[in-house]
Each structure stands twice: as C-alpha cells, then as structure tokens.
Number of protein chains: 2
Amino acid sequence: MKAEIIAVGTEILLGDILNTNAQYLALQLAELGIDVHYQSVVGDNPQRLKDTIFHAFSRASLIITTGGLGPTEDDLTKETGAEYFDEELVLDERALKRIENYFNKVGRKMTENNRKQAFVPKNSTVLYNDNGTAPGIIIEKNNKILVMLPGPPKETVPMFEQQVKPYLAKKQEYTFVSRVLRIAGVGESSMETIVKDLIDSQTNPSIAPYAKDAESILRITAKAKDKQQAEQMIEPVAQEIYRRFGNDIYAEGETNMQTTVAKLLIDKQKTIATAESCTGGAIASALVEYAGISSTFIDGCVTYSNASKQNRLGVKSETLQKYGAVSPQTAIEMAEGAAKTANANIGLSTTGVAGPDGGTEQKPVGLVYIGLTIDGVTTVKECHFVGNREKIRVRAVYTALDYLRRELLK
Amino acid sequence: MKAEIIAVGTEILLGDILNTNAQYLALQLAELGIDVHYQSVVGDNPQRLKDTIFHAFSRASLIITTGGLGPTEDDLTKETGAEYFDEELVLDERALKRIENYFNKVGRKMTENNRKQAFVPKNSTVLYNDNGTAPGIIIEKNNKILVMLPGPPKETVPMFEQQVKPYLAKKQEYTFVSRVLRIAGVGESSMETIVKDLIDSQTNPSIAPYAKDAESILRITAKAKDKQQAEQMIEPVAQEIYRRFGNDIYAEGETNMQTTVAKLLIDKQKTIATAESCTGGAIASALVEYAGISSTFIDGCVTYSNASKQNRLGVKSETLQKYGAVSPQTAIEMAEGAAKTANANIGLSTTGVAGPDGGTEQKPVGLVYIGLTIDGVTTVKECHFVGNREKIRVRAVYTALDYLRRELLK
C-alpha cells in the first residue's frame, strides 16, 4: 500500500506552525510497513486542496490528511474528501452530541458554525474526538482510503493511535521492523565507505545511512511475515556492522549520547561531577535530562571565569598564568578539582575557545580540551571543532560525553 | 512570484527528521512577499524527485529545495535540477578547494565521494557553504529559478540568510518589512484578546499573533515601495502595542530571552552566579550562548544533590531537613549562597520537581521555586509548570531569566 500525507492549512504555508504531524504520521506509517512516497502541504484554498487530493490519489491508495476540519468557512477538507468519493454530507447525531458536551465541559458557548463539524460524508467511518470538537473521518471506496484527521497534534496523535492505526494494521500483509544503530566519532561519508559493500548487496534487510548533528546512523530494515522473522533477518546484518564499528556504535534505537552515558554511569555505580568552561553547563544539563541521574550526578560547576576555576575547583593560578585557561593542564586540574571538591569518582571538564572572538594562532576558535579523571586516573583530549559558537559547543558536549563513555567501557 | 518549497530526503518521509527547513523558508518567503502555495517532501528517488520538480515548475516560477546535496549516491537533487534546465555538471575548483580545506581543518580524511559535492551545473551561481561541505546552487533560466540548499538547518539557514535572501529581494517590486515583538508571561489567547481590535481593523500593516515554546509573538508586516516607508507605517502600530503590553515585550526581532538578559546584565554592569537544581545547568548554558557574557557571568553551580547544595552554596542542612530541597527557603539560600561564594552582584537559583517521578500532593511535578538576590535584596517566585520533564525544564529556564529581567528593569 502506498500512502501520502497531506497537511492542510495556510498557517503552515506561512511558516507560523511547524508541521510536526507529518513526522509523527511518517514514523507511524513506516512502522506499519506502509510506503510514503510524498508528503505535501496545501493552504485553505478549495481548488488547490482539490487538486492536491486528486493528484495524490492518482499515485497512492491511502491518503491521510491533517487539518481543515475546523468550524470556519476556510475549513474544507471534509467537503473536498466527500466530493472525491461522490458522497454527500449528513449530520451525525452522535458527533453533534459530543460537540455539545465538549462546549458544556469547557464552559464555552457553542456557536452555529460548530454544528458544521458534526456533518460527515455518508458511508464513512466517524472517528470521535476525545480531545477536541472535530471528528475525524475514514472513507474507503473503490480501493482508495482517505483518512481525515484534525490538525492540532494533541487531537491528531491520540486519534491515529487509538482508531486509525488498528484499522490500517489489519490491512497489512507484511510487517516492517527496523533497528537503528547510532555511531559516534565517524563521519557520514567514512561510515558509508565502511559498509558500502553491505549496503549495495542487501535489499532485504536494507541498510540506510544518514547523519544527524554530530552523529552518524545506520538503519537496518527487514520486511517479513511477522516481527520475529524480521528480527531474525536483521540479526546477522547487525552483527556484521558491530564487527566493523565496535565501540563506535554507542546505542540502538531512539536515544541519544547523554542517555547512554547516564545509564552507563548508573550501571557502573560511578558518581560524577562536571567542570565546564566553554560548554557553559550544557554537559550537566544534558545529563540531568535523564530522570534517574540523581543517584550518580553529584554536581556541576560552570567555571567561566579564571577566578571561579580557582575558587570552585582549586585550579592553580600558576597553571592559568603559565599555560592559560585553554590548555591541557587547566583541563586536567579542572577535572581533578571537580572530582575532589564534589567527592565524586569521576570529574569531566571542558575548556576551549567557542568563538566567535578570542581565538589566536596558537589557540584558534574551535580548540577544546576535555579533561577526564576516573578513580584517580586522569587523561586529556584535544579537539578541533568547526562551525559557529553554537556548533562548537554542541560538538564539545557530544565529544566530551562520548570520551567519557569510551573510557568507562575500557 | 509563486514559489514552492521541496524537501528531499527519505529520512523525512520515514519520520526520522522533522522538516524544520520548510517552516524557516516559509517564514522567510512570506517576509519577502513571495506566495507559497505548496510545500512537498519527496524521497531520494530519481524518478519521483524529477516528477516533483517538474510538476512544481508547472505551477510556480521559484522552487527552493533542501537536502539531497550530500556526498552519497542517494543524493541526486543537483543532478535532477541540472537535468530540468538541460545543463551539464562541471567541477567547481573553488568549491573543491573549500571542501578540501574543510576536511583538513576537522582533521578527517576526505573520501572520493566528497569530490562529487564540488560538481555544479554549468551557468549556475554557486553558494559557498561556510558550515558544511555541500555548496548550494541557484539556476535561473527561462523565467524559472531553482534554488538548491543543503539539508542540515545549520547550513540551510545561514546560506539562505546571507546569499539567497538578498538575491530574491532584488526581484520583488514591493518590499515587505516585518517587526517582531516578543512577549513573555502572556499566553497566546490572552495576547490575542488584548490586540483583537487591532488585528481585525488592520490590513496594511497586518498584525499576526503566534506562539513559540514559552513565549508569544506579534508580527507587524507592512507592504510598501521601500523599507523606509514600510517602517514608518509600522511605527504607530508598534507604539500602540507597546502601550498595551509594556514590559511584557522583552525584545524585538530574531533574538531570545537569554540574549536579552545577557545584554541587560552587561549594560547594568551586574555580575551574576547561578545555582541550579532542576534546570541542571541550562540557565548557565543559555547565558553562555552569548559571546560577550564573560564580563558578567562569574560562574554557575549545578547543585543537584543535597550534599552539593550545602558544600557549594552553604545551604543549611536544617533548611533542607525542615522545608525540603524544593522550597522557597532552599531557593533563597541557593541564590544567596551563589552570589556570596562567587562574589557576584546577583544570584539566581532554581529548585523544583521536573518529574516524571518525585512528585507528591504538596509538591507536585511542575512545582519550581526561583530564588533571586540582587545586591543583597532577595525574592522568590513560585511557579507551576505543565508538561513533561523537558517542557518543565525549558519553561523554568525561560521564566527564571524573565524574572531576572523584570527585576533588573525595576
């Protein structure tokens, strides 16, 4: 089954709203093994909306729309859908009742145009809305399926999850299962070179490379009769990729570096303190994203000034004078000082030139030192990052956490 | 001029990436007064990509694509664009040089397929990329314009801003000028109610309300022959809005709360130290985003554990025992302790329940106390935020900075 996702709404065309529904639905359809070849966005314009729906049905058998089911005159998705299937709109008493109840509940007055939302195409399945006033609709006729969902994500998502997903799952002969391997410290093109032979020789499972922020990703996808069979097909491919990348693969699935490191710290029962200069607290903040971190994260110091490095961490003034704040020596003393003053197993530090100013020939913008002490053993890593201030800081955070991860795995 | 935005990338169709470029470009084109009737997304498939570009040119004269300029075999946007305009691809020596330099600088090995990125359509304008390896391209021929931009927003946005926007602006008969007023502490619907009469009565300049994360935004847009005339038309409308919102308007234009607060601190010559619990360093990290912050930001403590609150900030153990870590008393001692131990004018603290666990009936998830001391005068603010852990933390950071801003303006 081929599908298309169409978002209806001038506010998306004008950039006032980010189309998060498209991503949500894309992920859901991928999981169901339904191919999506196109997504589109069209405004609240009757002719263009009609053209878009008709054009989409010329190349796909399933269309999911979001938006345009509201009470205003602009909202025309339902009317256009009904026209495509040559069905008239009729009043759905149950939908009307629910809309009336909704207005009672929120204590707002129901206006006449809200009644418009209770009209549905004849011979359609009504998807009652627990989180708003617009019912969704499924029309299935002549091997074409049109699913119309409301626009606000808090209505779209539960309606799809509870009512549309089970409906579509029943129609699928095959299951698609994916495994996502997340790779740190290897650029996208190097990663692709390493697995090019596998990518070229595989069709099922298929292997797809892509890059996101500082990391590279490989997704292995298998098509099979059931989940178990798909997983069995993926396993040897994943093993071969693990053989080639080893520890560069830091995690699988929908996760990130900070979550991996937080879990590893908890697992190894190592307490940590951070001492950040150029990253300004972003490493601490990343670790604290993880809800269970309190058992291992003691504290963090954002020692931006030299005075603070001395005061909070005991960095020696001679060190700062002789080598400068951005130096391996300072990074080491910061890491050791963090661990010591917080009484933690681990101290992790950053000091660098995030730019745009402050760079010199010896210490250019992008130079960052990462200091790390684990149970008394201290090491330091020199990095050169490219990009603007934000990019350099993001990469410094990612690399510091990855460095800690690799050392913990040794 | 009618335009379409096309995102190229299977990773968007699969839902792995949110298409934020489309929103950014939609906003930019709206500001330029260029109508966008459709947006679409197509995968890395030669035939479908070709169909999409050809179809879009059948109804629009400007197409902006993002993505598909990478080094891999999948990346085919440039080839398809060249085919539409019947131009061959030729090596651009300057682009090649820049790619080589990029790899030298980051210390990674350039692979053969990176050379592919230096090939550009003949008779095109090359947009050199300061933030990545793929150059962008503009082809203009037979009253059609194709602008091809790289996919990563960190590359797309500066390339559009610096190179494409001025190019497109020259082609427009009218100038559209916008002023964006950023409003803190007022919800979107309250804001709309306050200015509804203005919105309804204005067409040029128009007033558009929208919401983004924790803030509300009003955009005033005027259409005029030149920039000066447009600005004059906007001025009285802006004045009226200032009259209604006062200090709730924290800044204008493309900026954010942390930049406003950083500038205010520098302007008032007040040094600051932060003490964060639930926000985990995110306030410090937000302030450090601002490059000039070093003159005012002394340091930050991420005192996640009770021991750390006592050790780093001198919070009394009786206070923690009697009132708990999440209490106005602890927030006050954290703020005062931060200012005192860092020898700063200002101490700003947060302590709260970010969830998902740890909430009680008295202290539910979302309860956050913000402590603030300025030159010896200490106050505390109690907040109740709704949402998941991430949302609560984001709102706590924003509200703490806004609280500091308002107190500094008193």
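The rules behind the values
- Residues numbered from 1 in each chain as written.
- Chains lettered and ligands numbered in written order.
- Predicted model: local features only at pLDDT ≥ 70, side-chain atom pairs only at ≥ 80, totals over all residues.
- Heavy atoms only, no water.
- Helix = DSSP H or I, 4+ residues; strand = E, 2+ residues; numbered from the N terminus.
- Rg over C-alpha atoms; globule rule 2.2 N^0.38 Å.
- Buried < 20%, exposed > 50% of the residue type's maximum accessible area, 1.4 Å probe, protein only.
- Salt bridge = Lys/Arg side-chain N within 4 Å of Asp/Glu carboxyl O.
- Pairing = 2+ DSSP bridges.
- Axes fitted to C-alpha atoms, helices over the stretch in contact; angles between N-to-C directions.
- Contact = heavy atoms within 4.5 Å.
- Phe/Tyr/Trp six-rings, centres within 6.5 Å; stacked < 30°, edge-to-face > 60°.
- Lys NZ or Arg CZ within 6 Å of the ring centre and 35° of its normal.
- Buried area = accessible area lost by both parts, 1.4 Å probe.
- pLDDT = per-residue confidence, 0-100.
- Expected span 1.5 Å × (residues − 1).

*Asks:* An account of the overall build of chain A is requested, with residue identities and associated values reported.
*Replies:* Assigned secondary structure in chain A consists of 15 helices and 17 strands. The C-alpha atoms of chain A give 27 Å as radius of gyration, which overshoots the globular expectation for 410 residues (22 Å, by more than 25%). Taken along its principal axes, the extent of the C-alpha atoms in chain A is 85 × 55 × 40 Å. A total of 410 residues make up chain A; the buried ones form 54% of that total.

*Asks:* How would you sum up the pattern of salt bridges? Please name residues and give values.
*Replies:* Going through the model one piece at a time under the given rule, you end up with 57 salt bridges over all chains. Salt-bridge contacts for Lys270(B) lead to Asp375(B); the nearest nitrogen and oxygen are separated by 2.4 Å. Within this pair, whereas Lys270(B) is found in the loop between helix H10 (257-268) and strand E13 (272-276), its partner Asp375(B) is found in the loop between strand E16 (367-374) and strand E17 (377-384), the two being separated by 105 residues in sequence. For Lys270(B), a relative accessible area of 21% translates into the label partly exposed. The class of Asp375(B) is partly exposed, set by a relative accessible area of 44%. When salt bridges that share partners are traced, they join Asp197(A), Glu240(A), Arg243(A) and Arg244(A) into one network.

*Asks:* Give me the side chain of Thr303(A): which residues, what numbers.
*Replies:* Topologically, Thr303(A) is positioned in strand E14 (residues 297-303). Residue class for Thr303(A) comes out buried when judged on its relative accessible area of 0%.

*Asks:* Please give an account of the sheet that holds strand E11 (residues 215-224) of chain B that cites residues and values.
*Replies:* Residues and elements named next belong to chain B. The strand order E10-E11-E9-E12 describes an open sheet built from four strands, whose pairing is antiparallel. At either margin of the open sheet sits one strand with a lone partner, and together these are strand E10 (206-212) and strand E12 (249-252). Between one strand axis and the next, the sheet turns by 25° as a mean value, whatever way the strands run. Bridge count between strand E9 (residues 175-183) and E12: three bridges; the pairing is antiparallel. Residue Leu181 lies in a different strand from E12, and its bridge partner there is Glu252. Sitting on the sheet, helix H8 (residues 188-201) is in contact with E9, E10 and E11, with an inclination near 180° to E10.

*Asks:* A description of the packing of aromatic side chains should follow, citing residues and the corresponding values.
*Replies:* Centre-to-centre distance and the angle between the planes together describe a pair of aromatic rings. Applying the stated rule across the entire model yields 16 aromatic pairs over all chains. Note on Tyr250(B) and Tyr398(B): the rings are 6.4 Å apart at their centroids and 80° apart in plane angle, and the pair reads as edge-to-face. Residue Tyr250(B) is located in strand E12, and its partner Tyr398(B) is located in helix H15 (residues 389-409); the two are separated by 148 residues in the primary sequence. The exposure class of Tyr250(B) is buried, given its relative accessible area of 6%. A connected cluster of aromatic rings, assembled from ring pairs, spans Phe54(A), Phe57(A), Tyr84(A) and Phe85(A). Geometry around Tyr38(A) places Arg59(A) over its ring, the cationic atom sitting 3.6 Å from the centre. Of note, Lys223(B) hangs over the ring of Tyr174(B), and the distance from its end group to the ring centre comes to 4.6 Å.

*Asks:* Residues and numbers for unusual backbone geometry, please.
*Replies:* Geometrically, the link from Asn204(B) to Pro205(B) is a cis peptide bond, its omega value of 5° lying close to zero. Here Pro205(B) shows up in the loop between H8 and E10. In this structure, Pro356(B) follows Gly355(B) across a cis peptide bond, with omega equal to 5°. Along the chain, the position of Pro356(B) falls in the loop between strand E15 (346-352) and E16. Positive phi, close to 60°, is recorded for Asn123(A), a residue that is not glycine. Structurally, Asn123(A) is set in the loop between strand E5 (119-121) and strand E6 (125-127). Of note in this structure, Asp86(B) is not a glycine but carries a positive phi near 60°. Taking relative accessible area as the criterion, Asp86(B) reaches 67% and is therefore assigned exposed.

*Asks:* Outline the interface of chain B and chain A, supporting the account with residue identities and numerical values.
*Replies:* At the interface, 72 residues of chain B touch 72 residues of chain A. Across the interface of chain B and chain A, roughly 5900 Å² is buried in total on both sides, 50% from carbon and sulfur atoms. On the surface where chain B and chain A come into contact, there are five salt bridges. Among the ionic pairs, Asp16(A) bridges to Arg219(B), the shortest N-O distance being 3.2 Å.

*Asks:* Please provide a residue-by-residue account of the confidence of the model for chain A, values included.
*Replies:* Of the residues in chain A, 100% reach a pLDDT of 70 or more, and the chain-wide mean stands at 93. With a pTM of 0.78, the predicted complex shows an ipTM of 0.77.

*Asks:* Explain the environment of Ala282(A) to me, using residue names and the numbers behind them.
*Replies:* Residue and element names in this part refer to chain A. One can find Ala282 in helix H11 (residues 282-288). The class of Ala282 is buried, set by a relative accessible area of 16%. As for Ala282 and Leu49, which are separated by 233 residues in sequence, their C-alpha atoms are 45 Å apart.

*Asks:* Describe the environment of Ala7(B), with residues and values.
*Replies:* Position of Ala7(B) relative to the elements: it lies in strand E1 (residues 2-8). Taking the C-alpha atoms as reference points, Ala7(B) and Ala22(B), 15 residues apart in sequence, are found 7.3 Å from one another.

*Asks:* Give me the lowdown on helix H14 (residues 328-342) of chain A, citing residues and values where you can.
*Replies:* Helical geometry note: an α-helix holds 3.6 residues per turn, so side chains three or four residues apart project in the same direction. Residues and elements named next belong to chain A. A rise of 1.5 Å per residue sets the reference length of H14, with its 15 residues, at 21 Å; its end C-alpha atoms lie 21 Å apart and thus fit the reference within 8%. Here H14 has its buried residues at Thr330, Ala331, Glu333, Met334, Ala335, Gly337, Ala338, Ala339 and Ala342. Phi turns positive, to about 55°, at Asn343, one or two residues after H14.

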